[in-house]
Amino acid sequence: MLPSLGLLRSFYFVSLGALGAVMPFLGARLEAAGLSGHQIGLLMAMLPLGRLVSAPLWGWLADRFAMAGLLLRIGCTLAVVGGLALLYGDGPAWAGLGLFLFSAGRVPLGPLVDTFTLQALSRPGHDPREYGRVRLWGSVGFLGLAIVCGRMADVGLDPLGLGVVLLVAITALAFRFPSRGAGGPAPVLPALRVLLQQPFLVPLLAMACLQALTLSVYDTFFSAHVHALGLSSTVTAVAIALGVACEVAVMRYGRPILARLGAPRALLLAALAGVPRWALTAWVADPAALVAVQLLHGVGFGVFWIAGVQLMAEKAPPQVSASAQSLFNASSYGVGALVGALLAGEVRAVWGTAAIFEAMTLVSCGAAGFAGWLVWRERAVEALRRAA
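These figures come from a predicted structure and were not determined experimentally.

Peer 1: Teacher, can you tell me more about the nonpolar core here?
Peer 2: As a rule of thumb, soluble globular proteins bury nonpolar side chains together. Among the nonpolar cores identified, the biggest contains 124 residues, and Phe 11, Met 44, Leu 267, Phe 304, Trp 305 and Met 312 are the most heavily contacted of them. Ranked by residue count, the leading element in this core is helix α11 (residues 201-228), at 13 residues. The contacts of Phe 304, once residues within four sequence positions are left out, are Met 207, Ala 208, Gln 211, Leu 215, Leu 267, Ala 270, Val 299, Phe 328 and Ser 332.

In structure tokens, the structure reads:
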């Protein structure tokens, strides 16, 4: 039995709300603990490393043994343990362990709940392209908690404590999902081989890697960049809030966007939006202008995410739906975020935070190149179809 859309919306809201309480201020929190840019980069690498190591395993287990709900419960519990280690641990070693467990535990939350959502929207009376209208509640949760936690940071309170409370809340929600699906173990390896041979896969995963590299660097280092400019944490909170508000609007109208553009063109639009965004983030010092630039987040993340999830759902064999979404997740916020964390920390240590976003401008150009490859392939396939 599939979960209701109401449960899925609630899960997205609380789960992404927990991220809103933890991620936007994590870089500044580690910096306040006296860690160097090099140390922060290495510690933040634990997040994508945990995702990269565990994402394929979670997806394979979900498809092979039809145990997505059980995996959600295990993952949420691991994330709580990681959050507690990060909150109460002392020193870089505890911080690294906490970040790794937090990331590894949260890995199944995205791909598996995305898969549940797409399956629920495949029922009569729904359309899988309405995924964004369900997923947007996660963005609303992130937005609300980012605002609250910005206020908390300004008065000297640690937002991470609230983040741990929310992690406990999503663990409780995870027990409302069906623990197992019908039937016994499924033969997923043949379907995975079919997926890996699809010509769309390489450009999609490469584009996702580069796009998420820029977005994860923003999540980690934007608050440090605002601090380096001598601006208030409120600037960080408002910029993130407005950017996510645009993201919510994009997801609300995700169905007509995808119907009009198609997933490949939507991905190209998302990549191109990063070029002016990161350049202006690096060069603008006025707080109002800096905040305004982040409105492009709605396109850079919102369009990117709904188009990537949709394209993978359309192209992947249904037997490996969870594995396909986990592969997209691992390539984007696994490989991409890992490389971004390692490189951005080194760039910051030598040239400062502005140089990080100058580098991200070039990375977005690369993402646009791979998205353009996807568009070209789509046109070539369509031309062959018409010729036939």
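Peer 1: Sorry if this is basic, but what is going on with the packing of helix α14 (residues 263-283) against helix α16 (residues 297-315) here?
Peer 2: When two helices pack together, their arrangement is given by the angle between their axes and by how far apart the axes lie. Their axes nearest at 8 Å, the elements α14 and α16 cross at an angle of 155°. In terms of their interaxial angle, α14 and α16 are classed as roughly antiparallel. Our pair here, α14 against α16, has a crossing hand that is left-handed. On α16, the residues that touch Ala 263, Ala 266, Leu 267, Leu 269, Ala 270, Ala 273 and Arg 277 of α14 are His 297, Val 299, Gly 300, Val 303, Phe 304, Ala 307, Gly 308 and Leu 311. A per-class count over the contact of α14 with α16 returns eleven nonpolar, three polar and one charged.

Peer 1: Can you walk me through a nonpolar patch on the surface in this structure?
Peer 2: A surface patch of nonpolar side chains, about 350 Å² in accessible area, is lined by Val 202, Trp 373 and Trp 376. Judged by its relative accessible area of 34%, Trp 373 falls in the partly exposed class.

Peer 1: I'm lost on the packing of aromatic side chains in this one. Help?
Peer 2: Remark: the centre distance and the inter-plane angle together describe each pair of aromatic rings, the angle taken between the planes. Per the stated rule, a full pass over the model turns up eleven aromatic pairs. Centre to centre, the rings of Phe 116 and Phe 177 are 5.3 Å apart; their planes meet at 45°, and the pair counts as tilted. Here Phe 116 is found in helix α7 (residues 109-121), whereas its partner Phe 177 is found in the loop between α9 (159-174) and α10 (189-196), with 61 residues between them in sequence. Through successive ring pairs, a cluster of aromatic residues spans Phe 301, Phe 304, Trp 305, Phe 328 and Tyr 333. Here Arg 252 stacks its cationic end above the ring of Tyr 253, 5.0 Å away from the centre of that ring.

The rules we used
- Residues numbered from 1 in each chain as written.
- Predicted model: local features only at pLDDT ≥ 70, side-chain atom pairs only at ≥ 80, totals over all residues.
- Heavy atoms only, no water.
- Core = buried A, V, L, I, M, F, W, Y, C linked by side-chain atoms within 4.5 Å.
- Buried < 20%, exposed > 50% of the residue type's maximum accessible area, 1.4 Å probe, protein only.
- Helix = DSSP H or I, 4+ residues; strand = E, 2+ residues; numbered from the N terminus.
- Contact = heavy atoms within 4.5 Å.
- Axes fitted to C-alpha atoms, helices over the stretch in contact; angles between N-to-C directions.
- Parallel < 35°, antiparallel > 145°, perpendicular 65-115°, else oblique.
- Left-handed = near helix turned anticlockwise from the far one by under 90°.
- Nonpolar A, V, L, I, M, F, W, Y, C, P; charged D, E, K, R; others polar.
- Patch = residues over 30% accessible without salt bridge, like charges linked within 9 Å, V, L, I, M, F, W, Y side chains within 5 Å.
- Areas by Shrake-Rupley, 256 points an atom, 1.4 Å probe, with all protein chains shown as cover.
- Salt bridge = Lys/Arg side-chain N within 4 Å of Asp/Glu carboxyl O.
- Phe/Tyr/Trp six-rings, centres within 6.5 Å; stacked < 30°, edge-to-face > 60°.
- Lys NZ or Arg CZ within 6 Å of the ring centre and 35° of its normal.

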